[in-house]
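Listed below, chain by chain, are the residues.
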Amino acid sequence: MQYSLKMQGIHKYFPGVHALNDVSFAVHAGTVHGVVGENGAGKSTLMKLISGSLTPENGTIEVFGEAVSFRTPAEAQRHGISMIHQELSVVPARSVAANIFLGREPRMMGGLFIDYGELYRQADKILKRLNIDVDPTQPISGLSIAQQQMVEVAKALSYNARIIIMDEPTSSLTERETETLFKIIRDLRSEGITVIYISHRLEEIFSIVDRVTVLRDGKTIRTDAISDLDEAAVVHSMVGRTIDSVFPKRDVPIGETILRVEGLSGNGFRDVSFTLRTGEIVGVSGLVGAGRSEMARGLMGIDPITGGSIEFLGVDAGAPQVSGMMRRGFAFVPEDRKSEALFLGMSVRDNLVISLLSRIFRSGFVKARHLADVTSEYIEKLRIQTPSQMQLIRNLSGGNQQKVIIARCLALSPTVLILDEPTRGVDVGAKAEIHTIIGDLAAQGVGIIMISSELPEILGVSDRVLVMKEGRLAAELNRDEASQDTIMQIAATGGAA
Amino acid sequence: MATLRNLLVRYSTFLILLFLVIFFSLVSSRFLTASNILNILDQSALLGVVAIGVTYTIISGGIDLSVGSLVAFVGAVSAGVIVRSGVSVPAGILLGLLVGTGMGFMNGLFVVYGRLQPFVATLAMMAIARGLTLLYTQGRPISGLGDAYTFFGSSIGPIPVSIIVLTVVVALSSVLLRRTPFGAYLYAVGGSEETTRLAGVSVNGVKLGTYAFSGLMAAIGGILLTARLWSAQPQAATGLELQAIAATVLGGASLMGGVGTTIGTVAGALIMGVLANGLNLAGVSSYFQQVITGSIFILAVLLDMWTKRRSVPT
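Quick notes on the rules
- Residues numbered from 1 in each chain as written.
- Chains lettered and ligands numbered in written order.
- Predicted model: local features only at pLDDT ≥ 70, side-chain atom pairs only at ≥ 80, totals over all residues.
- Helix = DSSP H or I, 4+ residues; strand = E, 2+ residues; numbered from the N terminus.
- Rg over C-alpha atoms; globule rule 2.2 N^0.38 Å.
- Buried ≥ 20, exposed ≤ 12 C-beta atoms within 10 Å, placed from the backbone.
- Contact = placed C-beta atoms within 7 Å.
- Pairing = 2+ DSSP bridges.
- Nonpolar A, V, L, I, M, F, W, Y, C, P; charged D, E, K, R; others polar.
- Axes fitted to C-alpha atoms, helices over the stretch in contact; angles between N-to-C directions.
- Parallel < 35°, antiparallel > 145°, perpendicular 65-115°, else oblique.
- Left-handed = near helix turned anticlockwise from the far one by under 90°.
- Core = buried A, V, L, I, M, F, W, Y, C linked by C-beta atoms within 7 Å.
- Domains from an automatic or database assignment.

(A) Looking closely at the overall build of chain B. Regarding its fold elements, chain B presents 13 helices and four strands. In terms of overall size, chain B behaves like a compact globule, its C-alpha atoms giving a radius of gyration of 20 Å where 314 residues would be expected to give roughly 20 Å. Seen through its C-alpha atoms, chain B measures out along the principal axes to roughly 65 × 55 × 35 Å. For chain B, the proportion of its 314 residues judged to be buried stands at 50%.

(B) Structural context of the overall build of chain A. Counting its regular elements, chain A contains 18 helices and 22 strands. Across its three principal axes, chain A shows a C-alpha extent of roughly 70 × 55 × 45 Å. Long-range contacts, defined as pairs at least 24 residues apart, comprise 67% of the intrachain contacts of chain A with a sequence gap of at least 6.

(C) Inspection of the pairing of strand E9 (residues 163-167) of chain A at higher detail. All names here are of chain A. For E9, a buried count of five out of five residues is recorded, marking the element as mostly surrounded by other parts of the structure. Alignment of strand E6 (residues 81-84) against E9, held across four bridges, turns out to be parallel. Bridging from a neighbouring strand, methionine 83 pairs with isoleucine 165 of E9. With five bridges joining them, E9 and strand E10 (residues 194-198) adopt parallel strand pairing. Of the residues in E10, the one forming a bridge with isoleucine 164 is valine 195.

(D) Highlighting the interface of chain B and chain A. Counting residues at the interface gives 18 residues for chain B, matched by 16 residues for chain A. Going through the elements one at a time, helix H8 (181-191) and helix H9 (193-198) of chain B are the ones with two or more residues in the side of chain B that touches chain A. Ranked by residues supplied to the side of chain B that touches chain A, first place goes to H8(B) with five residues. When grouped by side-chain class, the residues that make up the side of chain B that touches chain A number nine nonpolar, seven polar and two charged.

(E) Quick peek at the pairing of strand E14 (residues 269-277) of chain A. Residue and element names in this part refer to chain A. With six bridges joining them, strand E13 (residues 257-266) and E14 adopt antiparallel strand pairing. Bridging across to E14, leucine 264 finds its partner in valine 272. Here E13 folds back onto E14, and the loop between the two strands holds two residues, one of which, glycine 268, carries a positive phi near 100°.

(F) Seen up close, the sheet that holds strand E11 (residues 211-216) of chain A. Residue and element names in this part refer to chain A. Spatially, E6-E9-E10-E3-E11-E12 is the arrangement adopted by the six strands of the open sheet, whose pairing is mixed. The sheet terminates laterally at E6 and strand E12 (219-225), the two strands that pair on one side only. Looking at each pair of strands side by side, their axes are set apart by 20° on average, direction ignored. Its contacts with the sheet put helix H6 (residues 175-190) on strand E3 (32-36), E9 and E10, and the angle it makes with E10 is roughly 145°. Contacts from helix H8 (residues 231-239) reach E3, E11 and E12, with the element oriented near 30° to E11.

(G) Structural view of the packing of helix H3 (residues 67-83) of chain B against helix H10 (residues 203-229) of chain B. Residue and element names in this part refer to chain B. In contact at an axis separation of 7 Å, H3 and H10 are set at 55° when each is read in the N-to-C sense. One finds that H3 runs oblique with respect to H10. The chirality of how H3 crosses H10 is right-handed. In this structure, H3 contributes Val67, Leu70, Val71, Ala72, Val74, Gly75, Ser78 and Ala79 to the contact, and H10 contributes Ser214, Gly215, Ala218, Ala219, Gly221, Gly222, Ile223, Leu225 and Thr226.

(H) Structural view of the sheet that holds strand E1 (residues 3-14) of chain A. All names here are of chain A. One open sheet accounts for four strands, arranged E2-E1-E4-E5; its pairing is antiparallel. Of all strands in the sheet, those with a lone pairing partner are strand E2 (17-28) and strand E5 (66-68), marking the two edges. With strand direction ignored, the average angle separating the axes of adjacent strands in the sheet is 25°. Each of E1 and E2 touches helix H1 (residues 43-50); the most contacted strand, E2, lies at about 60° to it.

(I) Structural context of the nonpolar core. Formed by 233 residues in total, the largest nonpolar core has its most connected members in Ile164(A), Ile448(A), Val49(B), Val50(B) and Val71(B). Per-element accounting of this core gives the leading share, 14 residues, to H10(B). Other than its neighbours up to four places away in sequence, Val71(B) contacts Val50(B), Ala218(B), Gly221(B), Gly222(B), Leu225(B), Ala236(B), Ala237(B) and Leu240(B).

(J) A look at the domain arrangement of chain A. Residues and elements named next belong to chain A. Examined at the domain level, chain A breaks down into domain 1 (3-239), domain 2 (244-329 + 414-497) and domain 3 (349-413). Distance from the C-alpha centre of domain 2 to the C-alpha centre of domain 3: 25 Å. The interface is formed by eleven residues belonging to domain 2 together with twelve residues belonging to domain 3. Partitioned by chemical class, the residues of the side of domain 2 that touches domain 3 number eight nonpolar, one polar and two charged.

(K) Main features of unusual backbone geometry. Residues and elements named next belong to chain A. For glutamate 421, which is not glycine, the phi dihedral falls at a positive 50°. Residue placement: glutamate 421 occurs in the loop between strand E19 (416-420) and helix H16 (428-443). Given 22 C-beta atoms within 10 Å, glutamate 421 falls into the buried group.

(L) Representation of the packing of helix H11 (residues 240-250) of chain B against helix H12 (residues 262-281) of chain B. All names here are of chain B. Two elements in contact, H11 and H12, have axes separated by 7 Å at closest approach and are oriented at 120°. If you check the angle between H11 and H12, you find them oblique. H11 and H12 meet at a crossing whose hand is right-handed. Residue-level contacts link Gln243, Ala246, Ala247, Thr248 and Leu250 of H11 to Thr265, Gly268, Ala269, Ile271 and Met272 of H12. Counted by class, the contact of H11 with H12 contains six nonpolar, four polar and no charged residues.

What follows is the structure in structure tokens.
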């Protein structure tokens with residue numbers, strides 16, 4: 001069997017992280033090869049090395065037996081490697097054909113003009129070859145996400161790709177669209193093209209791939225023919241570690257119900273119901289794209305909800321609005337710190353007090369003295385490491401930035417605190433401190449909803465775990481029922497362990 | 001129904017133009033006459049040409065605020081070298097076109113290599129070019145241009161030369177935009193700069209060309225205006241850049257980039273020309289005209305947004 005791709009002894013470091021640790025990865029030519037692993041296992045990093053977006057520190061890469069070292073995606077493309085990213089890269093208002101051949105349009109009259117007739121013919125030929133029923137002259141923005149994805153496959157083929165990498169290609173597709181994509185993948189395979197298929201969804205892995213590689217914590221755990229494996233074995237290889245004592249769970253008396261969510265629906269989530277009590281920490285688990293953040297944003301009033309009700313302290317909250325929810329006593333730490341939580345060009349103090357200003361200065365004038373007192377109180381309480389209050393927040397570490405955002409919420413004395421991936425991109429020490437802060441808040445009677453993709457974190461901190469899958473609440477587990485295997489099983493396959 | 005809506009979206013600018021023409025021909029019997037129509041076209045030619053350059057920069061995701069000042073500067077330089085230094089008229093005009101293109105190219109350099117935001121770079125150029133115009137003219141008009149120059153402000157038979165120039169510019173710039181790689185990459189850069197870069201297209205080259213083109217269009221406008229006025233005026237074309245942006249937006253371009261056409265922009269310029277002319281004929285005071293123009297502008301953009309939002313496939 002010939003290898004289309006062979007990588008050995010690959011190491012990749014990012015500041016503070018050993019992202020890939022002695023990874024070996026070999027793919028047989030003309031097969032569909034699955035890559036699975038938890039969030040942060042190193043899948044994306046590995047694919048970026050193959051497609052030329054990143055370069056490894058050590059190790060060798062061979063493409064069809066030829067040793068290569070890509071410095072740019074264009075070099076990888078010349079060797080027949082194309083990657084279809086999860087976020088599609090298209091020029092929206094341009095035609096399908098113009099997108100496929102962007103930068104390589106057929107010319108006429110000595111290259112002065114684009115031969116649009118030929119462009120549409122060539123695009124049509126590729127689309128036909130893939131049995132994609134799309135008019136090459138129509139703007140790509142008029143296509144569904146699934147159709148755009150197919151066009152990306154066509155684009156990859158137009159580069160004469162021999163290896164096509166697909167990163168979570170079905171994350172925004174319906175079941176029928178997924179079937180169509182699978183048919184195209186099988187057609188590609190029968191033409192001898194290698195497809196590397198990354199997915200969280202085990203059912204898809206089992207229905208489409210020939211072989212599968214499991215990554216965990218930056219290492220290759222196993223590579224096997226899919227026919228030799230069952231779901232339980234793959235799940236076990238994916239999680240396969242025991243929970244360490246980084247997450248000390250405090251015993252906190254849990255009080256009465258403060259929040260009752262019934263049938264909450266919106267863009268990306270449907271019919272979610274749960275309750276929250278004082279002093280309780282509810283973890284929300286699930287795969288990326290399962291609708292966790294969307295649900296939290298709907299609850300917080302950031303994105304509109306389309307149905308369901310929110311009852312807070314016995315009162316119906318109606319259609320939530322962010323400012324209204326915050327006045328009621330909700331606070332939210334968003335997932336994307338840089339773009340949604342921080343004012344990068346502002347000081348630690350200004351970042352910390354922004355939500356507080358209108359609340360404490362009813363006269364409309366700001367008293368700097370008072371703000372300095374509030375800020376130093378929280379810097380001390382949360383042990384935020386900063387040379388001064390006036391330090392620009394962009395100069396702080398991720399962990400300290402996150403603490404400032406949490407302090408911003410705490411200064412409002414919330415009744416319900418919603419945290420979306422509170423420890424993402426935070427080093428281990430700060431992570432433990434953030435967990436302690438969350439525990440302290442629960443002890444003070446705050447009800448906490450914590451979304452996290454890290455199973456150990458979910459299991460270590462939560463009193464109860466909600467598992468979401470494809471926008472719905474797939475399971476609600478008590479602390480003693482929840483384990484990594486059960487959660488992963490439900491999140492990835494929907495079935496019981 | 002869906003196709004009707006698509007037609008509305010696609011041709012809303014032209015429908016507004018048509019509506020205004022019908023409206024004013026009902027209001028004033030002098031509106032829909034051959035001489036008045038030619039007059040409107042003549043009056044709109046300057047704005048049309050300059051707005052096409054601005055449209056290019058807006059399609060690329062940028063903007064060009066310097067065009068009004070460039071119109072004045074090119075007029076002054078071309079008139080100055082002819083009148084003061086005795087350069088021949090064709091050479092003077094050619095020099096003016098080169099100067100305009102060069103200053104547009106400098107806008108591009110600031111944007112591409114200085115990494116200035118287009119708004120900032122061209123705002124600075126707007127001040128610099130106006131200042132240079134005042135310095136060069138000492139604040140006084142330059143007149144005595146001669147027939148060969150003022151030909152561009154005259155008529156061939158009943159047809160003003162400016163209309164011929166506009167027609168040629170529209171035809172060529174439309175072909176450039178719709179048929180050439182440069183045009184395709186201009187839309188691509190405005191639609192998604194990163195995607196375009198990854199496709200191996202020289203984004204910097206496209207941007208430099210775009211601002212140089214806008215400078216060239218302003219230069220042509222400068223020659224047209226100077227020929228029509230029979231003199232170069234230091235305060236000429238003040239505020240023209242904002243009218244050009246308005247015409248571009250009326251023509252269906254998006255300030256976010258990636259969308260826009262030359263034909264649409266010319267229709268946008270004609271809307272403004274028809275409004276000014278029609279309101280004059282209807283005897284509306286020039287103070288009140290500005291209020292009406294602004295209101296129609298907002299209504300047109302709201303209508304455009306509304307029809308587009310409705311037509312987005314779900």
